[in-house]
Amino acid sequence: MAKSWVNSAERIGADLHLELSGPGGRRAALTRALRDAVRSGRLAPGTRLPPYRSLAADLGVARNTVADAYAELVAEGWLTARQGAGTRVAERAEPLRPAERVAPRSPRTPPRARGPRHDLRQGTPDASAFPRAAWLASYRRALQQAPNEVFGPGDPAGRVELREALTEYLARARGVRTEPGRIVICSGFAHALRLLFAQDTGRGRGTDSGAGRGRSRGVLRGPLAVEAYGLGFHRELLAAAGVRTVPLPLDEDGARVDRLARERAVLLTPAHQFPTGGPLHPERRAAVIDWARARGGVILEDDYDGEFRYDRKPVGAVQGLDPERVIFIGSVSKSLSPAVRLGWMVLPERYVNAVLAAKGEREAWASVLDQLSLADFIVSGAYDRHVRRMRQRYRSRRDRLVTALAEQAPHIEVTGVAAGLHAVLRLPPGTERSTLKAATWQGIALDGLAEFRHPGATEPDMPVRDGLVVGCATPSEHAYGAALEALCGVLPPGEERGSDGG
């Protein structure tokens, strides 16, 4: 027998008759009936729906049946749910069809790719904050002062001016112990991994350090221990080079380095674990150095956003504990811009010649003029000023996210330390996929935590976590508030409190 809802509709000011009929169970019938009511316009955008308990009592169904139906419609984009505001019909309950998404343009207007309405993907700094004037001033000075040799073939180690500037800066800001001769410039972290692990890197080019033509083995070999959560792109790059990666479990103190065994190397993000957000505990920092010494292994330290700690002074590099056991890798992709395409490796002395041999006789990756510009940018103090400015901006972004969640979704927790360009939101178990689906329907680009999990990570060593990785730095300043508002609108609802929740 079909069930109808009358009383609850009267309480929310809507003349609505809801029939629970058709195939499937009661939840499917309720979901279908609510969807039809929204689609037909009987439930207008912004209309508040009754609490779980009220509707369940009116229809004679279980409270969880109503809660599940609401959650499914939130995930599909028909409804929105916020703590204190209840569950409402979405402002645009029916997502745009593909044909409606293309704005009309004149024949003279070139086609342009349309991105998401709100971009909260991790990994990108605020592009609008690039210091154009200061960078242009450094570029002009570098160009005016450049010796003629700059316009010839580049040194594969990188310009000495940049390596000298980095030696001073990394010692002062990150606690790195090195000298210019042990720094090799690259085009970013992925390039560094390719140089260290790629097979057949010689490719017939002239090399040094006894590495001949058709080099068949990378500078380093696997197996390589990696954190159980990290960038899939890096794992794919390593797999393509024939390197087997072994996941290390993570807990509140960072990577479980006590699980290291017969691996030859370990890749860590000790300043701010990516993506879960915690630093490596001091005891584990010392322990991984002890492992490298005892095993004859090497630590790859990814310092991807080491400058951006907001609650205290940034943690110094593990490399400072033993420069002969750590390869320290950094870049300006997060602090400045990925478009600059400059990074560096601070190497133990025994690896310098092998890495230079892997690069070849001439610099084929990093622009020499960009290297000189970055050197001037650092020496002039412009880089420090930019990092301080962006540290304040990104801290404010994170604070605004935490405040918005406290007000609109207090059941959602921000995990990890106050650092970096992203934040991880812990979701109720089993809600990550539906939340991502809801975000997509509402035009929000977002990453789920599951995307970063190593496929070899197993329970109970590494429990599955539901969460969102939110790029606080990605939107421009003027777009950030609207992005937060949209994000809070697709988060799964919390448990009801009292009869007027939901």
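It should be noted that the structure appears before, not after, this text.
Below is a short write-up of the structure. Bear in mind the structure is a predicted one, so any value in this text is a computation, not a measurement.

Cut-offs used in this document
- Residues numbered from 1 in each chain as written.
- Predicted model: local features only at pLDDT ≥ 70, side-chain atom pairs only at ≥ 80, totals over all residues.
- Heavy atoms only, no water.
- Helix = DSSP H or I, 4+ residues; strand = E, 2+ residues; numbered from the N terminus.
- Buried < 20%, exposed > 50% of the residue type's maximum accessible area, 1.4 Å probe, protein only.
- Contact = heavy atoms within 4.5 Å.
- Areas by Shrake-Rupley, 256 points an atom, 1.4 Å probe, with all protein chains shown as cover.
- Expected span 1.5 Å × (residues − 1).
- Phe/Tyr/Trp six-rings, centres within 6.5 Å; stacked < 30°, edge-to-face > 60°.
- Lys NZ or Arg CZ within 6 Å of the ring centre and 35° of its normal.
- Pairing = 2+ DSSP bridges.
- Axes fitted to C-alpha atoms, helices over the stretch in contact; angles between N-to-C directions.
- Parallel < 35°, antiparallel > 145°, perpendicular 65-115°, else oblique.
- Left-handed = near helix turned anticlockwise from the far one by under 90°.
- Nonpolar A, V, L, I, M, F, W, Y, C, P; charged D, E, K, R; others polar.
- Salt bridge = Lys/Arg side-chain N within 4 Å of Asp/Glu carboxyl O.
- Arc of directions from axis to C-beta.
- Polar contact = N/O pair within 3.5 Å; in protein donor to acceptor, adjacent residues only side chain to side chain.

### Some details on the overall build of the protein
Broken down by element type, the protein carries 14 helices and 17 strands. Of all 502 residues assigned to the protein, the portion counted as buried reaches 54%. For the protein, the proportion of contacts with a sequence separation of at least 24, taken over those separated by at least 6, is 73%. Carbon together with sulfur atoms contributes 49% to the accessible area of the protein, which is approximately 23,100 Å² in total.

### Describing helix α2 (residues 26-40)
Its 15 residues place the ends of α2 21 Å apart at the C-alpha level, agreeing with the 21 Å of an ideal helix rising 1.5 Å per residue. Three or more residues of α2 are buried, namely Ala29, Leu30, Thr31, Ala33, Leu34, Arg35, Ala37 and Val38. Close packing links the buried residues of α2 with α3 (52-59), α4 (63-76) and β2 (86-89). One or two positions beyond α2, positive phi appears at Gly41, with a value near 95°.

### Digging into the packing of aromatic side chains
If you walk through the whole model with that rule in mind, you get 8 aromatic pairs. Taking 5.5 Å as the distance between ring centres and 65° as the angle between the ring planes, the aromatic pair formed by Trp135 and Phe377 counts as edge-to-face. Separated by 242 residues along the polypeptide, Trp135 in helix α5 (residues 132-145) and Phe377 in helix α11 (residues 368-379) bring together distant segments of the chain. Each ring, one from Phe274 and one from Tyr304, has its centre 5.5 Å from the other, and the planes form 80°; the classification is edge-to-face. With Phe274 in the loop between β9 (265-268) and α9 (282-295) and Tyr304 in the loop between β10 (298-302) and β11 (326-331), the pair connects residues that are 30 residues apart, well separated along the chain. Accessibility expressed as a relative area gives 8% for Phe274, which makes it buried. Through successive ring pairs, a cluster of aromatic residues spans Phe130, Trp135, Tyr169, Phe377 and Tyr383. Lying across the ring of Tyr480, Arg397 places its NZ or CZ 4.8 Å from the centre.

### Here's the deal with the environment of Lys313
One can find Lys313 in the loop between β10 and β11. Assessed through its relative accessible area of 66%, Lys313 is described here as exposed.

### Section: the sheet that holds β10
Sheet strands pair via backbone hydrogen bonds, and the direction of the pair is either parallel or antiparallel. What the 7 strands build is an open sheet, ordered β4-β12-β11-β10-β9-β5-β6; its pairing is mixed. Every interior strand has two partners, whereas the edge strands, β4 (183-186) and β6 (245-248), have only one. Looking at each pair of strands side by side, their axes are set apart by 20° on average, direction ignored. Relative to β10, β9 runs parallel, the two sharing 4 bridges. Paired with Ala265 across the strands is Val298, a residue of β10. Relative to the sheet, helix α6 (residues 160-174) contacts β4, β11 and β12 (343-346), its axis offset from that of β4 by approximately 105°.

### Observations regarding the packing of helix α7 (residues 189-197) against helix α8 (residues 232-240)
Orientation of α7 relative to α8, taken along the N-to-C sense of each, is 20°, at an axis distance of 10 Å. On the basis of their axis angle, the class for α7 and α8 is roughly parallel. Note on packing geometry: the crossing formed by α7 with α8 is right-handed. Seen from α7, the contacting residues are Phe189, Ala190, Leu193, Arg194 and Phe197; seen from α8, they are Phe233, His234, Leu237 and Leu238. Per-class residue counts for the contact of α7 with α8 are 7 nonpolar, 1 polar and 1 charged.

### As for the pattern of salt bridges
The full count for this structure, using the stated rule, is 22 salt bridges. Among the ionic pairs, Arg39 bridges to Asp36, the shortest N-O distance being 3.1 Å. Here Asp36 and Arg39 lie together in helix α2, a separation of 3 residues that amounts to about one turn. In this structure, the salt-bridge partner of Glu161 is Arg159, at a minimum N-O distance of 2.9 Å. Relative accessible area serves as the criterion here: at 27%, Glu161 is assigned to the partly exposed category. Taken together, the shared-partner salt bridges in this structure form one network comprising Asp126, Arg393, Arg397, Arg400 and Glu477.

### Quick notes on α9
Counted at 1.5 Å a residue, the expected span for α9 with its 14 residues is 20 Å, and the 20 Å between its end C-alpha atoms agrees. Those residues of α9 lying buried are Arg284, Arg285, Val288, Ile289, Trp291 and Ala292. End-on, the buried residues of α9 take up no more than an arc of 155°, which puts them together on one face. Exposed positions of α9 whose direction lies more than 90 degrees from the buried face are Pro282, Glu283 and Ala294.

### A look at the pairing of strand β1 (residues 79-82)
Side chains Leu79 and Ala81 project from β1 onto a buried face, and the interleaved Thr80 and Arg82 project onto a face without burial. By the bridge criterion, 4 bridges tie β1 to β2 in an arrangement that is antiparallel. Among the inter-strand pairings, Thr80 is bridged to a residue of β2, identified as Arg88.

### Comments concerning the side chain of Ser335
Among the structural elements, Ser335 can be located in the loop between β11 and β12. Of the polar contacts made by the side chain of Ser335, one reaches the side chain of Tyr383; its length is 2.6 Å. Beyond its immediate stretch of four places on either side in the chain, Ser335 contacts Glu307, Phe308, Tyr383, His386 and Val387.

### Some thoughts on the sheet that holds strand β17 (residues 467-471)
As summarised here, the arrangement of the 4 strands in space is β13-β14-β17-β16, forming an open sheet in which the pairing is antiparallel. Pairing within the sheet leaves two strands with one partner each, and these edge strands are β13 (413-415) and β16 (447-448). Bridging between β16 and β17 involves 2 bridges; their strand directions are antiparallel. Opposite Gly448, over in β17, you have Leu468 as the bridge partner.

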